[in-house]
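These are the residues of each chain, in order.
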Amino acid sequence: MRHVFSRLLQLIPTTVGALVVVFLLMRVLPGDPAAAMLGTNATPQAVADLKSQMGLDKPLPQQFAEYVLGLAHFDLGRSLALRTPVTTLIGQAVGPTLLLTLCGTAVSVIVGVPLGVIAALKRRTWIDYAASVGALSGISVPVFVWALLLLLAFTLDWPILPSAGAGDNPVDVARSLVLPAIATGFFQVGLIARVTRSTLLSVLADDYVRTARAKGLAPTAVIAGHALRNALIPVITVIGLNFGTLLGGAVVVETVFTRPGLGRLILDAINARDYPVIQGVMIISVVLVVVLNLLTDLLYSVADPRVRA
Amino acid sequence: MKFGRLWRSISRNLPIAICVVFIAMITLLAIFVQFLPLADPTSQSVLFRLKPPSPEHVLGTDRLGRDILSRVIWGSRVSLLVGVGVVAVSGVVGTILGVISGYFRGWPSVLVMRVTDIFLAFPALILAMVTVTILGNNLLTVVLAISVGVIPRFTRFTRGTILSIRERDYVESARAVGASSLRIIWNHVLLNAVDPLIVLCTLQIPTAILTEALLSFLGLGITDPTPTWGNMINSGQIVIREAPWLTFFPGLAIVLTVLAFNLLGDAIRDALDPAVRDLGAPMPRVDASLPAEPTHTAAPSRELTPVS
């Protein structure tokens, strides 16, 4: 409990700092949001009016105070393009994106861990080398290339899965998730396989594994009951460290598969220069990364009691 | 010495030697592309729209009749410039910040690390998307936008490396004989941090190339008519079934380039770090884009620096 509390305390300055960065990014960097929104043909009066409407004509400290006050009330302003509260838009988008990243992670663990175990047990065989090639191709092929290949294969050439949307009923939701989840999670499959392989190899040489073997335990019981549990701890780290990248991948995959989510929301907002929405999506993505890092830390301490010490 | 070992290691490994030749080839092509007998990458022709690969247009033409081969080669210039530019900017800034936070104690170190943590909390792609939107999309802003997310990685990596070096005996000895901090950092600390930094630079180039391709694909990076591999795939995806060569060739160019840099980075790391090499099999790179603070620095550095 004390560990949880101290980790929570450590997160506060990072989160507050990130919120300040988002505020400054939108206001201090060169480039006028109002002018950018209205385009090159806008009159100075129109730009001034929009600046006033967005509150950008007020002094920076006052803008910051209003920004913080809004955040405290979960008020991120209104979308300039849709006239809807930003929190409503984010509320609608965050669920599908989280579901996609969760399923992407599940794909990478379900495929990556067994692949890593087999590679470790069959060291220096073709399976081991195939896992290495898979690891490299996972991080070398852009997520949109995977997404396009899957789209081409399973929705056009062999149309068994939907090519767009997120589905209305549970069956459609599941079907529409298959390809995007594979595309999102693929880059991690190789990483997880390699990490599982290398940690399992080092764990298998440890004394306690030798003791378990000496007791006469079956090889599967030694691996599943003793070695794998410790070998999986770094996998948790990989997932935690890569969550931001996974979220970025989800943004791209949502675009390719025309799925609703944070990716579509921020891309539409960028194209419309809808700054309150862009700001809102940045804030929620930082919060998601910070919360997931915390969860990873906590999971880590559950898996490895030494961390709590 | 270690570069001799690096060269031997690379020249004896055929796949890595192929990667080096490939990287050298695309670099030369990117530098001298304007002198090559290629079609103008922006010249359009209605008559030659969506032509499949043929002797006239080796890789076919796009929806505006532009030559794909020419555009892929011109696109390599953008990708490599972004890759090298991002590593140069982030390497210099991130290393300086990493040295400050790793070598010195007190508020500068704390401040740098807090700011680094803050920037690491942002998903790199989303940060790049927003920065490029605000700054405008040209080569320089794309480099800066991607660097914003890469600098903290260099900072954290350098800090971890410096932390393990600053307590070594030879640094203590240099301090004892009265060497200035600047001299110790330059002559003893940085020199020993070079190996892991070279590896990180090599591994960050493909990450930057991929991020640029993602930005271009989303329509936020460098846009048409300037050819980039990402924007070529973006414009080709609409006709992916009728004219797959529009997406296939730039896609292949990205994959081969990124793969070559990744393999080369792994090979350099293995060659420079006996701790990895002695395991007999490549160690996993947990995350190329986000290296954890290393638990050890590259051991060859011990051979390099004489104890003062």
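Residues numbered from 1 in each chain as written. Chains lettered and ligands numbered in written order. Predicted model: local features only at pLDDT ≥ 70, side-chain atom pairs only at ≥ 80, totals over all residues.

1. Overview of the overall build of chain A
Point 1. Counting its regular elements, chain A contains 14 helices and zero strands.
Point 2. The linear arrangement of helices and strands in chain A, starting from the amino end, is α-α-α-α-α-α-α-α-α-α-α-α-α-α.
Point 3. Structurally, chain A occupies a C-alpha span of about 85 × 55 × 35 Å along its principal axes.
Point 4. Classification of the 309 residues of chain A by burial places 39% in the buried group.
Point 5. Taking as baseline every contact in chain A between residues at least 6 positions apart, the subset at least 24 positions apart corresponds to 70%. (Helix = DSSP H or I, 4+ residues; strand = E, 2+ residues; numbered from the N terminus. Buried ≥ 20, exposed ≤ 12 C-beta atoms within 10 Å, placed from the backbone. Contact = placed C-beta atoms within 7 Å.)

2. Details of unusual backbone geometry
Point 1. For the bond running from Asp224(B) to Pro225(B), omega is 10 degrees, close enough to zero to count as cis.
Point 2. Counting through the fold element by element, Pro225(B) comes out in the loop between α8 (181-217) and α9 (229-236).
Point 3. With a phi close to 60 degrees, Arg83(A) is a non-glycine residue in the positive phi region.
Point 4. Here Arg83(A) shows up in the loop between α4 (60-72) and α5 (86-121).
Point 5. With 7 C-beta atoms packed within 10 Å, Arg83(A) lands in the exposed category.

3. Focus on the environment of Thr101(A)
Residue and element names in this part refer to chain A.
Point 1. You can see Thr101 is positioned in helix α5.
Point 2. Spatially, the C-alpha atoms of Thr101 and Thr184 are 7.0 Å apart, while their sequence positions differ by 83 residues.
Point 3. Once you skip the residues sitting within four places of it in the chain, Thr101 turns out to touch Thr184, Leu246, Leu247 and Ala250.

4. Re the interface of chain B and chain A
Where the parts come together, the accessible area they lose is often given as the size of the interface.
Point 1. Contacts between the two partners involve 41 residues from chain B, matched on the other side by 42 residues from chain A.
Point 2. Elements with a minimum of two residues in the side of chain B that touches chain A: α4 (107-120), α5 (124-135), α8 and α10 (245-272) of chain B.
Point 3. Residue composition of the side of chain B that touches chain A, by class: 30 nonpolar, seven polar and four charged. (Nonpolar A, V, L, I, M, F, W, Y, C, P; charged D, E, K, R; others polar.)

5. Side note on the packing of helix α13 (residues 262-271) of chain A against helix α14 (residues 275-303) of chain A
Residues and elements named next belong to chain A.
Point 1. α14 packs onto α13 with a crossing angle of 150 degrees between their chain directions and a minimal axis gap of 8 Å. One way to sum up the angle between α13 and α14 is to call them roughly antiparallel. For the pair α13 and α14, the sense of crossing is left-handed. Across from Leu262, Leu265, Ile266, Ala269 and Ile270 in α13, the residues of α14 making contact are Val277, Ile278, Val281, Ile284 and Ser285. (Axes fitted to C-alpha atoms, helices over the stretch in contact; angles between N-to-C directions. Parallel < 35°, antiparallel > 145°, perpendicular 65-115°, else oblique. Left-handed = near helix turned anticlockwise from the far one by under 90°.)

6. Some thoughts on the environment of Ala65(A)
Point 1. Among the structural elements, Ala65(A) can be located in helix α4.
Point 2. When the C-alpha atoms of Ala65(A) and Arg194(A) are compared, they prove to be 48 Å apart, with 129 residues separating the residues in sequence.

7. Overview of the packing of helix α6 (residues 126-140) of chain A against helix α8 (residues 170-204) of chain A
Residues and elements named next belong to chain A.
Point 1. Remark: α6 packs on α8, axes separated minimally by 7 Å, with the N-to-C direction vectors making an angle of 140 degrees. For the element pair α6 / α8, the angle class is oblique. Viewed along their axes, α6 and α8 form a crossing whose handedness is left-handed. For the pair formed by α6 and α8, the contact residues are Ala131, Gly134, Ala135, Leu136, Ser137, Gly138 and Ile139 on the first element and Phe186, Phe187, Gln188, Val189, Gly190, Leu191, Ala193, Arg194 and Arg197 on the second.
Point 2. Across the contact of α6 with α8, the residue classes break down as nine nonpolar, five polar and two charged.

8. Observations concerning the confidence of the model for chain A
Point 1. When pLDDT is averaged along chain A, the result is 83, and 96% of the positions lie at 70 or above.
Point 2. Averaged pLDDT values over the elements of chain A bottom out at 72 in helix α2 (residues 33-38) of chain A and peak at 90 in α5(A). (pLDDT = per-residue confidence, 0-100.)

9. Description of the nonpolar core
Within soluble globular proteins, side chains that are nonpolar tend to cluster in buried spots.
Point 1. Core analysis: the largest hydrophobic core is formed by 143 residues, its most contacted members being Phe144(A), Ala147(A), Ile266(A), Val281(A), Ala128(B) and Met129(B).
Point 2. With 15 residues, α10(B) is the largest single contributor of residues to this core.
Point 3. Not counting chain neighbours up to four residues away, the residues in contact with Phe144(A) comprise Val252(A), Val256(A), Leu214(B), Phe217(B) and Ile233(B).
Point 4. Counting ten residues, the second largest nonpolar core, distinct from the first, contains Ile162(B), Ala174(B), Val189(B) and Ala193(B). (Core = buried A, V, L, I, M, F, W, Y, C linked by C-beta atoms within 7 Å.)

10. So, the confidence of the model for chain B
Residues and elements named next belong to chain B.
Point 1. Chain-level statistics for chain B give a pLDDT mean of 81 and a share of 87% at 70 or above.
Point 2. By mean pLDDT, helix α12 (residues 301-304) is the weakest element of chain B at 28, and helix α3 (residues 68-103) is the strongest at 92.
Point 3. Throughout residues 276-308 the model reports pLDDT below 50, and contacts reaching past four residues in sequence, or to other chains, amount to 75 contacts.
Point 4. Confidence metrics for the complex model read pTM 0.84 and ipTM 0.83.

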